[in-house]
Each structure stands twice: as structure tokens, then as C-alpha cells.
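Residue-level listing of the chains:
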Amino acid sequence: MTPSARAQVIADLARSISDSVRGRDALVAVDGVGGSGKTTFADELAVAIRTHAVTAVHADDHLRPAAVRHARGRFSPEGFWLDTYDHARLIQAALEPVRCHAHSTPDRARRGAGAGPATRTLVLVEGTFLLRRELRATWDYSVFLDVPLDEAARRLHVRAGAPLDDRLLARYLGAQRIYFRSDAPWSRADVVLDHADLDHPQLIDPARSAAAAVGRTDRTGRVAP
């Protein structure tokens, strides 16, 4: 059976990652805005990686308390950007499977299809803001899923099952703009994947990404070419 376009892209990426970190434990980041499809993509990528035992870590499992997240205001973009994630706890969670040799522990997630007793561990971390300055050096390989903000907003509405409060959406999308303007994550990733069409993702030039266009527009006040 001929693999789908999506399956082929994921298989190719799995090989690229495996070749890049072959013979060693590794931390791999899947970054992107909310609604970009990170969780599903990471799940599929984990299955496709055959050279490592894969453990998944989700940034959304490592939020700071609500009192901290909302200290700058419930609808503050800066608050979402600066205060949402407990980065120290996230990195500790990402490193734990490597320290504990998850590849040889039966009750850990071992999702690499070809993983054997001597297989190295690969921790696949998915979440938002993973390529910010203070985290970049953590990753052995990184993927940025690129989706236009209007499409991300549409998916968030669908996922919520009802229209989101405009103030909450503005908080979230405003934080993404701060991230793009401040840290240009597309320029730091090993791979940028256009994930607007879920059935036909494709590798793209980072400079041509939707995120890069937002970053350029926000800096200049003009729509990027």
C-alpha cells in the first residue's frame, strides 16, 4: 500500500531525526502554536521512530498555578508568554526518562516500533514556546509546526466545541506574536513543517513560514511580502 502524503512526511522526518541522534539518548522538541496539531503529530512521529524507545512529554502538563499564570491579568498576552509554563519542571520531566534508562523499564512508554533492550531513549516534548531563548540549548533536534494564526484560531474554536472568549483568544494570539517577535522560533528549528493542510504537510523554507511573516509584520508595521 502506498503511504499517504502525511505518513510519508512523518516517516522521512523520523529517519532524519534518527540519523541525527543515532547511538545516543536525545531530547526532541515539537513546537508550534496552539491548534497547530502538535499532540497528534508527536504521537504519529513517536510511532514512526524505530531506532529509539520514545517517551512523550507534554508541556501543558507542566503549567504554573493559576495565581501565577494570571498575575499580570487574566487576559494579558505578556502573562501567557512569561508566566504560563514551569520550565524547570518541564525540563526535569524531559530528562527523567533518560536518567532512569526508560528504554529498559517495562512500565514506561516504549513507542519506538523497533525498540529493543539496548535501544537508546528519545524524549519527544511537544508544546508551545519550546524554542524560546532559555530552552533552545536543551534540544538535540527540533521541529516547528507552522500554521497561520487565523487557522490556529479556527481550530481552537472547533476544539473547544464553542466560540472562545475574544479576550482569551487575544491573550493567546498576542502571546504568540510576542514569541515570534522576540525569539523567531522558525529560524531556530532544525525543520519547519507547513501544517496548515493536515493531510499534506510539507517541509518549507523557514523564511517563507507564516510565523516569519507575522514576525516581520509586527516589527515593521507593514504586511510582509
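For the structure given in this document, a descriptive report is provided here. All values reported here derive from a predicted model rather than from experimental measurement.

1. A look at the sheet that holds strand E5 (residues 191-194)
Part 1: With mixed pairing, the 6 strands of this open sheet are ordered in space as E2-E3-E1-E4-E5-E6. Here the strands that pair on one side only, and so sit at the sheet edges, are strand E2 (52-58) and strand E6 (202-203).
Part 2: Both strand E1 (residues 26-32) and strand E4 (residues 141-146) contribute to a ladder of 5 bridges, which runs parallel. Pairing of Asp31 across the sheet is with Phe144, part of E4.
Part 3: Across the sheet, helix H5 (residues 87-99) is in contact with E1, E2 and strand E3 (120-127); its angle to E3 comes to roughly 160 degrees.

2. Examining the packing of helix H6 (residues 149-160) against helix H7 (residues 166-183)
Part 1: As a packed pair, H6 and H7 sit with axes 11 Å apart at the nearest point and diverge in direction by 145 degrees. Judged by the twist between their axes, the crossing of H6 over H7 is right-handed. The residues of H7 that touch H6, namely those facing Leu149, Ala153, Leu156 and His157, are Leu169, Tyr172, Leu173, Gln176, Arg177 and Phe180.
Part 2: Class assignment for the residues of the contact of H6 with H7 results in 7 nonpolar, 2 polar and 1 charged.

3. Re the packing of helix H1 (residues 5-20) against helix H2 (residues 38-48)
Part 1: Following both chains from N to C, one finds H1 and H2 inclined at 60 degrees, their axes separated by 9 Å at the closest point. Considering how the two elements wind past one another, H1 and H2 form a crossing that is right-handed. On the side of H1, the interface is formed by Arg6, Ile10, Leu13, Ala14 and Ile17, while H2 contributes Thr40, Phe41, Glu44, Leu45 and Ala48.
Part 2: Here the contact of H1 with H2 is built from residues that sort into 7 nonpolar, 1 polar and 2 charged.

Cut-offs and rules
- Residues numbered from 1 in each chain as written.
- Predicted model: local features only at pLDDT ≥ 70, side-chain atom pairs only at ≥ 80, totals over all residues.
- Heavy atoms only, no water.
- Pairing = 2+ DSSP bridges.
- Helix = DSSP H or I, 4+ residues; strand = E, 2+ residues; numbered from the N terminus.
- Contact = heavy atoms within 4.5 Å.
- Axes fitted to C-alpha atoms, helices over the stretch in contact; angles between N-to-C directions.
- Left-handed = near helix turned anticlockwise from the far one by under 90°.
- Nonpolar A, V, L, I, M, F, W, Y, C, P; charged D, E, K, R; others polar.

It is worth stressing that arrangement in space is one thing and function is another; only the former is reported here.
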